[in-house]
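Structure at a glance
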Amino acid sequence: MPRPIMLKGHDRPVSQVLFNREGDLLFTASKGKSKNCAVWRPDTGERIGTYDGHAGAVFSMAISFRSTFLLTASGDSTTILWELRTGKILATFKHATPARWVNFAIGDKKFLTVTKGVMGKTPEIAIYEVENPYDIQSTEPITRIPGKAQFVKAYWGPLNENIYACCANGAIYVFDGQTGEEKQMIQPHTNEITGFEFSACKQFFATASKDKEGKIFDTKTLECLKTIVSGRPLNDVAISPNRPHIFIVGGQDVATVTQSESADSSQFRARVYHTVHEIEIGSIQGHFAPVNSVTVSPDGKIMVTGGEDGYARINKLDSSYFEGLSDEVLFPMEEPDL
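Here we summarise the structure given alongside this text. (Residues numbered from 1 in each chain as written. Predicted model: local features only at pLDDT ≥ 70, side-chain atom pairs only at ≥ 80, totals over all residues. Heavy atoms only, no water.)

What about the sheet that holds strand S26 (residues 291-296)?
We apply this condition: Pairing between strands requires that DSSP locate at least two bridges from one strand to the other. Secondary structure elements are taken from DSSP: a helix is a run of H or I of four residues or more, a strand is a run of E of two residues or more, and numbering for both begins at the N terminus. Simply put, an axis is a line fit to the C-alpha atoms, just over the touching stretch for a helix, and the angle between two N-to-C directions goes from 0 to 180 degrees.
One open sheet accounts for 4 strands, arranged S1-S28-S27-S26; its pairing is antiparallel. In this open sheet, the two edge strands, each paired with only one partner strand, are strand S1 (5-7) and S26. For this sheet, the mean inter-axis angle between neighbouring strands, taken without regard to orientation, is 20 degrees. In this structure, strand S27 (residues 302-307) lies alongside strand S28 (residues 312-316), joined through 5 bridges in antiparallel fashion. By the bridge assignment for S28, Ile302 is matched with Lys316.

Description of the packing of aromatic side chains
Our working definition: Stacked, tilted and edge-to-face are the three classes applied to pairs of Phe, Tyr and Trp rings, where Trp contributes its six-membered ring and a pair requires centres within 6.5 Å; stacked means planes under 30 degrees apart, edge-to-face means over 60, and tilted covers the rest. Here's how the labels work: a residue is buried when its accessible area is under 20% of the maximum for its type, exposed when over 50%, partly exposed in between, all with a 1.4 Å probe on protein chains only.
One pass over the structure, following the stated rule, counts 20 aromatic pairs. Both rings, one in Tyr164 and one in Phe198, keep their centres 5.3 Å apart while their planes meet at 90 degrees; by these two values the pair is edge-to-face. Here Tyr164, found in strand S15 (residues 162-167), pairs with Phe198, found in strand S18 (residues 193-198); they are 34 residues apart in sequence, far enough to count as distant. Phe198 sits in the buried class, given a relative accessible area of 9%. Among the aromatic residues, those joined into a ring-pair cluster are Trp101, Tyr155, Tyr164, Phe196, Phe198, Phe205 and Phe217.

Let's talk about the sheet that holds strand S3 (residues 26-30)
Within the open sheet, the 4 strands sit side by side as S2-S3-S4-S5. Their pairing is antiparallel. With partners counted over all chains shown, the strands left at the sheet margins are strand S2 (14-19) and strand S5 (47-50), one partner each. Averaged over all neighbouring strand pairs, the angle between strand axes comes to 20 degrees, with direction disregarded. As defined by bridge partners, S3 adjoins strand S4 (residues 37-40) across 4 bridges and the pair is classed as antiparallel.

Let's talk about the pattern of salt bridges
Here is the rule we go by: Whenever a carboxyl oxygen of Asp or Glu lies within 4 Å of a side-chain nitrogen of Lys or Arg, that contact is scored as a salt bridge.
For the structure shown, the criterion picks out 11 salt bridges. Across the pair Arg21 and Glu22 runs a salt bridge, and its minimum N-O distance is 3.3 Å. A single salt-bridge network, built from bridges that share partners, covers Arg100, Glu192 and Lys210.

Okay, structure coming up:
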């Protein structure tokens with residue numbers, strides 16, 4: 001595999017890495033108070049620009065369908081709507097507590113922000129309307145969904161009918177996308193769900209948890225289809241768009257990694273699992289601290305990770321991945337006896 005492109009544009013840990021829909025732009029967010037959101041060219045690693053406006057860590061980003069607008073959720077208790085091309089701030093949405101996640105609805109006319117439950121405040125999902133991003137009429141939410149547990153991430157489901165939220169107690173909630181009414185709840189994990197991603201078709205989604213397991217669920221029924229046991233705490237998951245693979249990252253918690261004699265860099269590898277056979281089929285090394293985020297380009301040819309070491313690493317997947325980890329090589333079928 002070619003040498004990775006190392007991106008060092010932040011002075012603090014990288015909290016998220018994210019591609020736009022076309023895959024020609026890569027965005028990185030950081031836990032720093034400055035230099036906390038940047039955009040890059042994934043083919044060369046050239047930094048195109050930064051989005052400066054938050055006074056605290058940026059934990060999450062979301063990009064509109066046509067890559068016209070960018071949302072950022074920050075520890076300074078705000079969500080900012082940006083014009084993506086110019087970096088101009090179009091609106092600032094203020095919250096009572098830090099914002100930890102943000103997601104555009106299909107059609108980009110609404111978005112949600114997940115806020116933390118701290119300082120006596122209830123965790124919530126706040127839904128906002130942005131009919132015309134250049135003329136925001138109100139920065140107040142149209143719906144608030146209070147949490148019975150600490151929300152971690154939330155996504156709009158197919159056709160915006162539902163909102164899927166994962167929690168710190170290992171639960172997954174499904175809420176009505178219009179009213180915010182709770183419709184379903186399951187508790188498939190025994191610890192915090194740190195990663196959640198829909199497939200491109202949104203017919204299934206994958207989770208990653210600190211309980212050292214990753215799971216795949218049917219979107220409609222919430223039936224658990226596959227379980228992957230990793231042996232290490234997990235922080236994020238990404239689904240390959242054109243292979244039956246998922247990428248999982250994590251590692252021992254950064255607060256304890258220096259105190260453990262058993263800690264080694266191998267736990268910080270990005271690992272590839274086969275979604276049908278539920279086994280690890282490969283890994284990619286690089287980071288020397290826990291990995292917080294992983295994403296795969298829309299064409300499935302680039303995998304990017306961001307870690308506590310402050311680096312984002314662009315890994316271009318070549319024949320060693322597409323051919324070496326193909327089903328024909330890993331699971332050859334025996335020739336029938338004639």
